[in-house]
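Commentary on secondary and tertiary structure
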Amino acid sequence: MNFFNQKLINKILLFVLSISLFNISPSKAVSLEEPKTQWCHDFLFDLKYGQKGEEVKALQIALEKEGLFKNSFTGYFGPYTLKAVKIFQEKYKKEILSPWGLERGTGFLGLSTRTKLNELYGCSKVYISSLFPQQGDTLVIKIQTDLPPEKVDGSLDSKRINFFKIGKNLIGILAISVKEKVGKYNLFIDFPEGKFLRKEIKIVEREFPVTELLVTKELEEKGFTLSKIKEKVEKENEEIFRILQIFTPIPYFQESFTYPLEKIRVVGDFGNIRKSGKITIQHLGVDLEAATGTPVYAINDGIVRFSKELTNYGKTIIIDHGMGIFSLYLHLSELKVFENQKVKRGEIIGLSGNTGYSISPHLHFSVKINGESVDPLRFIDIMER
């Protein structure tokens, strides 16, 4: 599948310093409990032959710790430093050179070389979920640091990234709209004392399937026509949009996100473009197979902001998880929570059904971040890393 191919590419090329939001691999990451007395340095700048300064001196110290540099720490990027950098790059060839199709070290301290140095010796470790996100994806930035959220600023071009604290990590989450223009964007992360990270992110086009917008005879008997469906969808979306404008500057959750059903089988794709004549509706969630009466679970802690029946969407629940993250559950047969109720991860909030504009029993499941729809299953997957 294209999705899994994309995931493989992302894993190879992403700028990752192997810090997971909730699970840290001891084989790849410095332990969060390790005392800060050992030497560390954040390599945030590209370096090349002929440069000099404290950044080059830090590079020489790191190379000395690798056993590759045996001269004095002059802070000058000369021939001895150049040779050591090339050997370092070839030592970690799989991570530094192979993604770019290179066999021999270049001596230029660019992204992949800095990534490996930061993994080994960095103080504030940065993880970017993908350098090549697709339309409808979630971009996640995780920073291992003791800094409070207000000390770190982030943006993707003009879009601000709000950071929040989970354990020892700062987390920033940004939705890539299904209609986002493909191409290159600049990621900016600013730290105190003039330190910063600049990285190019390339948003990749995602092909969404086109299917027929169907209305069964049974739905017609209930008053559902194509024109009325579109009219009601637009009206109900306005009501939902007002809910999604709520922004809580703290996360209500401290754990990873989980699935809304025990068994996940997709019967309606995210982003599916449904057409009939001049009427076009994009499906900004996933339809999951679920017989009427199947328990539906909250995907994480949060507050119920909406719990009532709508004409098209049927019995609907919207949960606010904080930081602009909302989960939506549609076409339910029964609502088991009420508005302003606090819910816990994995708690039963309703039963699946066939209410509203629905051809057969299922659960429509959506995730929205600051009002933008993202692929909800990819969102859960990326937040588990």
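Residues numbered from 1 in each chain as written. Predicted model: local features only at pLDDT ≥ 70, side-chain atom pairs only at ≥ 80, totals over all residues. Heavy atoms only, no water.

With that settled, consider helix H2 (residues 54-65). Taking 1.5 Å of rise per residue, the 12 residues of H2 would be expected to cover 16 Å, and the 17 Å separating its terminal C-alpha atoms lies within 8% of that figure. Buried residues along H2 sit in contact with helix H3 (79-91) and helix H5 (111-121). Among the residues trailing H2, Gly 67 stands out with phi positive, at a value near 80°. (Helix = DSSP H or I, 4+ residues; strand = E, 2+ residues; numbered from the N terminus. Expected span 1.5 Å × (residues − 1). Contact = heavy atoms within 4.5 Å.)

Viewed as axis vectors pointing N to C, H2 and H3 meet at an angle of 55°, and their least axial separation amounts to 10 Å. As judged from the angle between their axes, H2 and H3 are oblique. Judged by the twist between their axes, the crossing of H2 over H3 is left-handed. Each of Leu 59, Gln 60 and Leu 63 in H2 lies in contact with H3, whose residues at this interface are Thr 81, Ala 84, Val 85 and Phe 88. (Axes fitted to C-alpha atoms, helices over the stretch in contact; angles between N-to-C directions. Parallel < 35°, antiparallel > 145°, perpendicular 65-115°, else oblique. Left-handed = near helix turned anticlockwise from the far one by under 90°.)

What follows deals with the sheet that holds strand S12 (residues 279-282). Taken together, 3 strands build an open sheet; the order of strands is S9-S11-S12 and the sheet is mixed. Looking along the sheet, the strands with just one partner apiece sit at the ends: strand S9 (210-212) and S12. Between one strand and the next, the sheet's axes are offset by a mean angle of 30°, whatever the strand orientation. Where strand S11 (residues 273-276) meets S12, 4 bridges bridge the pair, whose relative direction is antiparallel. (Pairing = 2+ DSSP bridges.)

Let us look at the packing of aromatic side chains. Where two aromatic rings form a pair, the distance of their centres and the angle of their planes describe that pair. One pass over the full model with this rule turns up 8 aromatic pairs. Taken together, Phe 164, Phe 253, Phe 257 and Phe 379 form an aromatic cluster joined through their ring pairs. (Phe/Tyr/Trp six-rings, centres within 6.5 Å; stacked < 30°, edge-to-face > 60°.)

Counting through the fold element by element, Ala 62 comes out in helix H2. Taking the relative accessible area as the measure of exposure, Ala 62 reaches 0% and is therefore buried. Between the alpha carbons of Ala 62 and Cys 40 there is a distance of 8.6 Å; along the sequence they are 22 residues apart. (Buried < 20%, exposed > 50% of the residue type's maximum accessible area, 1.4 Å probe, protein only.)

Quick look at the side chain of Thr 113 now. Among the secondary structure elements, Thr 113 is positioned in helix H5. Judged by its relative accessible area of 2%, Thr 113 falls in the buried class.

Our focus in this paragraph is the nonpolar core. Within the largest apolar cluster, 39 residues are counted, with the highest numbers of intra-cluster contacts made by Tyr 329, Ile 349, Phe 365 and Phe 379. At the level of elements, strand S5 (163-166), strand S6 (169-175), strand S13 (286-289), strand S16 (314-320), strand S17 (325-335), strand S20 (362-369) and helix H8 (376-383) are the ones that each hand at least two residues to this core. Sort the elements by how many residues they give to this core and H8 lands first, with 5 residues. The contact partners of Phe 365, leaving out residues within four places of it in the chain, are Pro 260, Gly 285, Val 286, Leu 288, Ile 299, Ser 327, Leu 328, Tyr 329, Pro 376, Leu 377 and Ile 380. Counting residues in each nonpolar core, the second largest holds 22 residues, with Leu 111, Val 126, Ile 128 and Ile 143 among its members. (Core = buried A, V, L, I, M, F, W, Y, C linked by side-chain atoms within 4.5 Å.)

That is the geometry; function is a separate question.
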